[in-house]
Amino acid sequence: MTYGWLEFFTDPILRGPTIGSMLMCTASSIIGVIVFIRRRSLVGETLSHATYPGLILGAFLCSALPSFFEPALFCFLLGGAFIASVVAVFLLQVLQNRFRVKNDAALCFVLSSFFGVGVLLAGRMQNTHPVWFRQIQTFLYGQAATMTDLYIWIYGALFLSTVFFVTVFYHPLRLVYFDGTFASAVGFSVKKFERFFFFLLILAVIVAMKSVGVVLLSGMLIAPALSARKLTHRLPLMFWIAGLIGAFAGFFGNYLSVLLSVRFFAGNLVFPTGPMIVLLGSVFCFLILSFKERKKRKVPFVCYIEDVLKAFPEGREITCKEAARLIRRNVPFTFFLLQRARQNRWMERRGSYYWLSEEGALKAKEIIRLERLFGVYLNGLQQGGKADYKSASQIAAFLREEGNL
Amino acid sequence: MIQFAVNPYTGRDFFGFFATLLQRIYLFFKGGAVTLVSDEIQCIVLLLLSLALAFLGSFLVAKQMTMVANALSHTLLVGIVIAFLILRSLSGSSVFSVSLDSVKTLWVGALITGLITTVSTQFLKHRFRVQEDASIGLVFTTLFAFGIFLVTVFTRNMHIGVEAIMGNIDALHVRDIEKTGLFTLVTLFMYLLFFRGFFSVAFDPGFSKSVGLPVKGLDYLLMILTAGGAIASFRAVGVLLFLALLVGPPLIAGLYTRSMKKIIALSFAVSFCCCMFSVALSRHMLTIYTMPLPTSGLFVTSLFIFYLVALGLRLLGRKNGLTYRIFCR
């Protein structure tokens, strides 16, 4: 059983999950950019875990309905998740602002306690509605496979609304997050905007829950945004790139999970989409990180040899051990440096004794002179450039007078 | 015929549970033959865990590193799987059967988990200049996804992934007491050795470095111990309860005292209360309402409620708090 690429978009069974998870991942990565800029990446983790009790409460509420049909259950689940994460945000704010709990402890505590309440309720649900319980468990690691065409419409609407919010509020968003003081000076309520930020975050969590899963959702918020940040310095481009990476991860995660289910489990077990999507997204992110890494300038090796030349006493013969003590390095490395110096004819050797050759002595003088020059120059710079000298030749003259050259 | 030991707690309600417990403890000290039953095993495991985690958690909260603990609780899956694979290849093909939950695997797993997580987070932060929270988030989601992938492919079973999060407290065995007890002993021993060091590093890293303490080494030790805690608790209660046990009690204790030793003692007391309360309540629910509830969920929920109550009391007890306004004006 193999599928072509295009079939994932046309086949009536496969197109629901594929398009659905692409939409979800794109939406969540776009919002991930905002979360990333705001430096609140771990709040996504807390809010996504906090939705779990909401999911189950939603299902309980739905069981009180007189008739049952699946989309209604789904809407109840999403609604419950929304409310639970709003409560979590509220609690977070109260803990941090009112009780001065440290940011990370508040996040961690809200995460674990909400999830714990969820586990408690889930234990109850396991006995009363075992089928729904299993359905909710798939939200933990995400499962796109059960989505029908109807879900494309639901998620299309959610996706469009996130894009709508981000485009409409793009300018205030940029203003508040890059220059908060200016924004508040202009009269913009940053506090209100914080609420809007949390609203967007909750929206992202709810949108991505079905395909990426509650547990790994924060990966989908972070990885595309981080890789976009490394690729560009411009905000609009960041949104586009993150969205594209999200769509890419959504498609291939879904593709691979179908492939894995067929290959390893002969279709008996549906491999969860969440881990695949997150793995792809973060592998992509790591690749970009390692390619875009800024290279450190290495100290040229000659520098170490020059250190030896500088430290060497003129007209004396010393052993390797003494030289090592002079430059404060270990003996083997000093030996190596001395050999390199001999190759350059700066050093001569008889037995275990070394001394500077004429060339070497000249070289050492030259180095010391240059270093002094730069030292004085840098010193002048540090004093605000108000030195007595105007050019390198003047510096050299000053130094000669002092007897340093 | 196999005769099952009758659980003396069957049919007991909330207070009956404590009565039976006291009776059995009395019997035990009188020298009677008492075999442990599942409720008592739950209690003992939870108590051992809460003792060790009160220490760990107080320091983590003080150092503001609880999110790293959260990351560790996710990455332990990959640590265990890697440890399992390494040990299996070391011991040759199934001569010594290395199981996924033997003590050796778990400890090597804890070591690997702690090291991998901390090193890679630091690497991302320093080498690639990623902001700290993003690097933590990226590392643990990646490793967790990878762990789930490995576990699912190797064991062809999705169940472990879910169990790692939820835990399965009802399936506890007497052997689990030994595992948890070993972890608690190691943690306590480390604390007796290094308490001063941990204390000084937590509150003044610069000073401790100038005095010559191995700041980084102590940090790594703390992380490895935390990973050990996550691994000791995940079979029994799930990583989730681990997190709650780690963060909740020190937070509650921190509302009332500022001294480190008092925080540790108070947080152990809080988790002790929560533990007894939740085990008894779970029995109560089963007896009275025939409603089996997971003890781990009950535990976290009761801790949550404790915290809210403590916050409320704090609000009331303030100098310009509610009680003051009502009665003292």
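Residues numbered from 1 in each chain as written. Chains lettered and ligands numbered in written order. Predicted model: local features only at pLDDT ≥ 70, side-chain atom pairs only at ≥ 80, totals over all residues. Heavy atoms only, no water.

## Description of the pairing of strand 2 (residues 347-350) of chain A
All names here are of chain A.
Consideration 1: Relative to strand 3 (residues 353-356), strand 2 is paired through four bridges, and the arrangement is antiparallel. Note that in strand 3 the partner of Met347 across the bridge is Leu356.
Consideration 2: The antiparallel pairing of strand 2 with strand 3 creates a hairpin that spans two residues between the two strands, and Gly351 there sits at a positive phi of about 60 degrees. (Pairing = 2+ DSSP bridges. Helix = DSSP H or I, 4+ residues; strand = E, 2+ residues; numbered from the N terminus.)

## Observations concerning the interface of chain B and chain A
Consideration 1: Contacts between the two partners involve 55 residues from chain B, matched on the other side by 60 residues from chain A.
Consideration 2: A combined buried area of about 5,300 Å² lies between chain B and chain A, and 77% of that area is made up of carbon and sulfur atoms.
Consideration 3: Where chain B meets chain A, there are zero salt bridges.
Consideration 4: Our count for the chain B to chain A interface comes out at seven residue pairs in polar contact (both at pLDDT 80 or more).
Consideration 5: Mapped onto the side of chain B that touches chain A, the elements with two or more residues apiece are helix 3 (66-90), helix 4 (103-127), helix 5 (132-155), helix 6 (159-166), helix 10 (238-256) and helix 12 (295-317) of chain B.
Consideration 6: Broken down by element, the residue count for the side of chain B that touches chain A peaks at 14 residues, all from helix 5 of chain B. (Contact = heavy atoms within 4.5 Å. Buried area = accessible area lost by both parts, 1.4 Å probe. Salt bridge = Lys/Arg side-chain N within 4 Å of Asp/Glu carboxyl O. Polar contact = N/O pair within 3.5 Å; in protein donor to acceptor, adjacent residues only side chain to side chain.)

## Some points on unusual backbone geometry
Consideration 1: In this structure, Arg328 of chain A takes a positive phi of about 55 degrees despite not being glycine.
Consideration 2: Within the fold, Arg328 of chain A resides in the loop between helix 15 (320-327) and helix 16 (331-343).
Consideration 3: Among the residues examined, Arg328 of chain A registers a relative accessible area of 78% and is labelled exposed.
Consideration 4: The residue Gln64 of chain B is not glycine, and still its phi comes out positive at about 55 degrees.
Consideration 5: With respect to the element layout, Gln64 of chain B can be found in the loop between helix 2 (38-63) and helix 3. (Buried < 20%, exposed > 50% of the residue type's maximum accessible area, 1.4 Å probe, protein only.)

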